[in-house]
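Results of the structural survey
Here is what each chain is made of, one letter per residue.
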Amino acid sequence: MTYRVTLVPGDGIGPEVTSAAREVAEATGVDFDWEVVQAGEQAIRATGNPLPDTVLESIRRNHLALKGPITTPIGSGFRSVNVALRQQLDLYASVRPARAIAGEGTRFPETDLIVVREATEGLYSGVEHWVDREHTAAETVAVITRKASDRIIRFAFELARRQRRKHVTAVHKANIMKTTGGLFQTAFREMAAKYPDIASDERLIDNMCMQLAKKPEEYDVLVTTNLFGDILSDLAAGLAGGLGVAPGALYGEGMAVFEPVHGSAPKYAGLDKADPAAEILCVELLLRHVGEHEAADRVFRAVWETIAEKKFVTYDLALPGYTLRPVAPSSCSAMAAEIARKVPIVDIESPLPRPPPIAVGTDLHLEA
Ligand code: NAD
């Protein structure tokens, strides 16, 4: 079977890491037909629009996309392409696994949790304005709906059940934001009652950050609103070894877009220096999504072994904080070539010291 996949290289380090991911995807022997489309800075140069319809149409048509990071101007300029893409395609579930991979110097090697983030509303709804003409006051509206809350919370419980995980924690701030946070909290409690086989509890976002920084191994699946999920998934990535190894997936009805947690890291653009592992692990998630589990296992194992061997690892994995014994850093392309070389020859039967990777199927898309 041939999988037609929309490939969005993105900005900054995006073209380098997506090219690395493509090389590794092709090394699996699975047949891919890539439809390359541009969004972000390249699209602005070509069409004046950072998110052309061709991108949305391609993803709607192919149902699958591999995406690099896209730069968003800070403070002014065009609206986030990432936020717009999620809203326009209704990619409501952002799933970000934080697994510590082979780093004996990682601060929390036992980390193995998943952040499930509502990705279409909340404080990223895009409803914001100046209050006065002098621009001395501004407001951003947090939109929380029962429908979207039920949908993402159910997704988190179904994901937990599917992966034989034991515990879902809702993260909110219902003590201060009593209406929006309160609505999410009520939705969570009612949904949790329908999943008696899975333990559930709640944390306020501030306490959650402290708990994660102290004992992340106690957490399993976290479900939360858009902004909190954005912050928590970077925090969780840091606990598990850094943004360089943190993949992510966005799910909507009948479509999935795979993108790393990290951004476009403009300072490393074009230097062949960025860690390709996060984007390569997005290929693993994509392969699992379409049921190509052996190929997914091969990608995961090749990444793991390359990182464990430390002969071809980028700067972020070569330094204390990831490894105990610093090593000479390699380039993005050399690390990708090593992973691709290993994919067909790794032994996927031998046990790994960490639990099996995430697997999310299309049938998790449930009507609220
Ligand atoms: P960033 O993730 O790009 O970088 C944060 C830090 O991590 C930097 O020090 C960077 O060099 C490092 N880093 C990130 N990815 C790395 C990799 N693969 N290998 C090694 N080091 C890596 O975050 P930022 O600097 O806050 O944002 C830069 C741009 O990316 C902004 O325009 C932001 O809006 C955008 N962004 C896009 C996405 C997305 O497309 N989904 C996500 C986050 C940020």
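Preceding block: the structure.
Presented here is a report on the structure given in the accompanying data block. (Residues numbered from 1 in each chain as written. Predicted model: local features only at pLDDT ≥ 70, side-chain atom pairs only at ≥ 80, totals over all residues. Heavy atoms only, no water.)

1. Considering the site of the ligand
What counts, and what does not: Summary of the distance rule: residues count as near a molecule or strand when at least one heavy atom falls within 4 Å of that molecule or strand. Any pair of N or O atoms that falls within 3.5 Å is considered a polar contact. Within protein, one atom must be able to donate a hydrogen and the other to accept it, and sequence-neighbouring residues count only if both atoms are side-chain atoms. Per-residue and other accessible areas follow the Shrake-Rupley method at a 1.4 Å probe size, with only the shown protein chains counted as cover for residues. Gly falls in the polar group here, along with every residue not listed as nonpolar (Ala, Val, Leu, Ile, Met, Phe, Trp, Tyr, Cys, Pro) or charged (Asp, Glu, Lys, Arg).
If you check the shell around the ligand, you find 21 residues, and the closest are I70, T72, G263, A265 and Y315. One of the backbone nitrogen or oxygen atoms of I70 is found 2.8 Å away from an oxygen atom of the ligand. The protein chains hide 72% of the 810 Å² of surface that the ligand would expose on its own. By residue class, the composition of the shell around the ligand is 10 nonpolar, 6 polar and 5 charged.

2. What about unusual backbone geometry?
Going by this rule: Helix and strand definitions here come from DSSP, where helices need a minimum of 4 consecutive H or I residues and strands a minimum of 2 consecutive E residues; each element is numbered from the N-terminal end. Buried residues are those whose accessible area, probed at 1.4 Å on protein chains only, stays under 20% of the maximum for their type, while exposed residues exceed 50% and partly exposed ones sit between those limits.
With a phi angle near 35 degrees, A265 is a residue other than glycine that sits in the positive phi range. If you trace the backbone, A265 turns up in the loop between β12 (255-258) and α9 (277-289). Residue A265 is classed as partly exposed on the basis of its relative accessible area, which comes to 27%. Backbone geometry at D272 places phi at a positive 55 degrees, although glycine is not the residue there.

3. Examining the nonpolar core
In plain terms, the rule: As used here, the term nonpolar core means buried Ala, Val, Leu, Ile, Met, Phe, Trp, Tyr and Cys residues forming a set that is joined through side-chain atoms within 4.5 Å. In this document the domain limits rely on a domain assignment from an automatic tool or a database.
Counting 70 residues, the largest nonpolar core has V223 and F258 as its most contacted members. Counting the residues that make up this core, at least three belong to each of domain 1 (1-107 + 242-368) and domain 2 (113-240). Of all hydrophobic cores here, the second largest spans 18 residues; its members include V8, A39, V81 and M255.

Interpretation note: all reported values are geometric properties and have no functional meaning in isolation.
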